Amino acid sequence: MAPQFQIPKVQKAAIVETTDAPLKVVDNHPVKQPEELAPGECLVQLDCSGVCHTDLHARQGDWPLQAKLPLIGGHEGVGRIVAIGAHTQNSPVQVGDRVGIKWLAYSCLDCEPCRKGLEQSCLKGKYSGFTVDGTFSQYVVSWVTHVTPIPDGIESAEAASILCARMGHRVSPSTVPSSTRGRTIGDWIVLPGAGGGLGHLAVQYAVAMGLRVVAVDTGAEKKELCMKLGAEKWVDFKETKDLVKDIVEATDGLGAHAAVVTAATGAAYAQAIDYLRMGGTLMVVGLPARASLSADIFFTVTKSITIVGSYVGNRQDAREALDIAARGKVKCYYQLKPLSALAETYEGLAEGKVVGRVVLNMKE
């Protein structure tokens, strides 16, 4: 018999009313009731939610695509299913299951991108904390076919960040693993933004796959974290006099085999072609507000460089990333804070001062 849950009428939530208005945390936001759920929908009571740079862009409205307003942001939530819409057929999850809410909230599974395994680029896709309300609330509505089951052996707060660290959005919970595939054991990989929420996970996934990591970021605290996680080389982009020269020298004098740029700044992409070796790959993951990818055409051609955009992982990528973490191969370093700390967390992200990840406790 499925467990029974008492579902309140209202909840605590952080709401962006307009991009120029202060973030508002309220305790009287309506909770969608079980009888209001459509077939295929589920209601999840959240334990926690990670905070991603994408949430900052949604809050500021500085991407070429605009988020819906008003908006409850967030796309790294973990909690329990407390209700499933009536007449839902063949649900892969049940009431009481611990599940994750990720960036891709819904895909149709039938358009051309979906049929070809690119459901993250679904023509009818819905995105948590952007086109639909996300996880900066105590309850969230999602879809039974797209919530991600959380395996045993991993804490909810840690799983939350793996969901996004999407090794693909940057190195997402499926982002990173998908960005590091296709490389050979022993290859050098450069990770600009290595000390951040996505980057520090990318370091670990890369090391777990046998790659040799050059971490690029700034600050003693981020350096300590990256080296502890297995990076072999460190380059501080604020202290170096010649970034390209330092990276090439660190990678046997030939340059890196690949670069996965997780930093959300245009500058992080500027010199990547120059420090990649012949046949190298540039993985475009971090999403600056407004920036163009500038690459020297002559050297891109003569060095046989491959440039690949990596968005977020699909449903299978998310499960694989969580499985690796649950087996202790990857660990998310995070600070647990209350929902009321979201505004200051945004400030820290904007200033590049957040080391690892910030996770919000939705139970407080």
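Residues numbered from 1 in each chain as written. Predicted model: local features only at pLDDT ≥ 70, side-chain atom pairs only at ≥ 80, totals over all residues. Heavy atoms only, no water.

Under an unreviewed UniProt entry, the chain has the name alcohol dehydrogenase and belongs to Trametes cubensis. Checking UniProt for the chain, the heading Cofactor (unreviewed entry) contains the comment "Zn(2+)". Quoted verbatim from the Sequence similarities (unreviewed entry) heading of the UniProt record, the comment on the chain is "Belongs to the zinc-containing alcohol dehydrogenase family." (UniProt positions renumbered as here; feature names shortened; annotations may be inferred.)

Draft legend 1. Quick peek at the overall build of the chain. Along the backbone of the chain there are eleven helices and 17 strands. Against the globule reference of 21 Å for 364 residues, the chain gives a C-alpha radius of gyration of 20 Å, in line with a compact fold. Projected onto its principal axes, the C-alpha positions of the chain cover 65 × 40 × 35 Å. The proportion of buried residues among the 364 residues of the chain is 57%. Within the structure as shown, the chain displays about 15700 Å² of accessible surface, and the carbon and sulfur contribution to it stands at 51%. A distance of 2 Å separates the average location of the 37 positive side-chain charges in the chain from that of its 38 negative side-chain charges. (Helix = DSSP H or I, 4+ residues; strand = E, 2+ residues; numbered from the N terminus. Rg over C-alpha atoms; globule rule 2.2 N^0.38 Å. Buried < 20%, exposed > 50% of the residue type's maximum accessible area, 1.4 Å probe, protein only. Areas by Shrake-Rupley, 256 points an atom, 1.4 Å probe, with all protein chains shown as cover. Lys, Arg positive; Asp, Glu negative; His and termini not counted. Charge placed at Lys NZ, Arg CZ, Asp CG, Glu CD.)

Draft legend 2. A look at the packing of aromatic side chains. With the rule as written, the count across this model stands at seven aromatic pairs. On the numbers, 5.6 Å between centres and 55° between planes, the contact of tryptophan 103 with phenylalanine 130 is tilted. Taken as a pair, tryptophan 103 in the loop between β5 (98-101) and β6 (104-106) and phenylalanine 130 in the loop between β7 (126-127) and β8 (139-143) lie far apart in primary sequence, 27 residues in all. When the centroid spacing of 5.4 Å and the interplanar angle of 45° are considered together, the rings of tyrosine 106 and tryptophan 143 count as tilted. (Phe/Tyr/Trp six-rings, centres within 6.5 Å; stacked < 30°, edge-to-face > 60°.)

Draft legend 3. Layout of the packing of helix α1 (residues 53-60) against helix α11 (residues 342-350). Interaxial distance between α1 and α11 falls to 10 Å at its minimum, and their mutual angle equals 105°. Classed by the angle they form, the pair α1 and α11 counts as roughly perpendicular. Residue-level contacts link His53, Asp55, Leu56 and Arg59 of α1 to Tyr346, Leu349 and Ala350 of α11. (Axes fitted to C-alpha atoms, helices over the stretch in contact; angles between N-to-C directions. Parallel < 35°, antiparallel > 145°, perpendicular 65-115°, else oblique. Contact = heavy atoms within 4.5 Å.)

Draft legend 4. Focus on the sheet that holds strand β14 (residues 276-284). The strand order β12-β11-β10-β13-β14-β15 describes an open sheet built from six strands, whose pairing is parallel. In this open sheet, the two edge strands, each paired with only one partner strand, are β12 (233-236) and β15 (306-309). Sheet twist, expressed as the average angle between the axes of neighbouring strands with direction ignored, equals 20°. Those strands touched by helix α6 (residues 220-228) are β11 (212-217) and β12, and its axis lies near 160° from that of β12. (Pairing = 2+ DSSP bridges.)

Draft legend 5. Representation of the layout of surface pockets in the model. If you add up the space inside the largest pocket, you get close to 870 Å³. The wall of the largest pocket is formed by 41 residues, among which Gly193, Asp217, Ala263, Ala264 and Thr265 lie closest to the centre. Mapped onto the lining of the largest pocket, the elements with two or more residues apiece are α1, β11, α7 (243-250), α8 (272-275), α11 and β17 (357-361). For the lining of the largest pocket, the residue count by class is 19 nonpolar, 15 polar and seven charged. Within this model, the second largest pocket holds a volume of roughly 390 Å³. What lines the second largest pocket is a set of 18 residues, among which Trp63, Pro64, Leu65, Leu287 and Pro288 lie closest to the centre. Residue composition of the lining of the second largest pocket, grouped by class: 14 nonpolar, three polar and one charged. (1 Å grid on protein atoms, 1.4 Å probe; cavity = no way out; pocket = protein on both sides within 12 Å on 5 of 7 lines; lining within 4 Å. Points joined across faces, edges and corners; volume = space filled by probe spheres on them. Nonpolar A, V, L, I, M, F, W, Y, C, P; charged D, E, K, R; others polar.)

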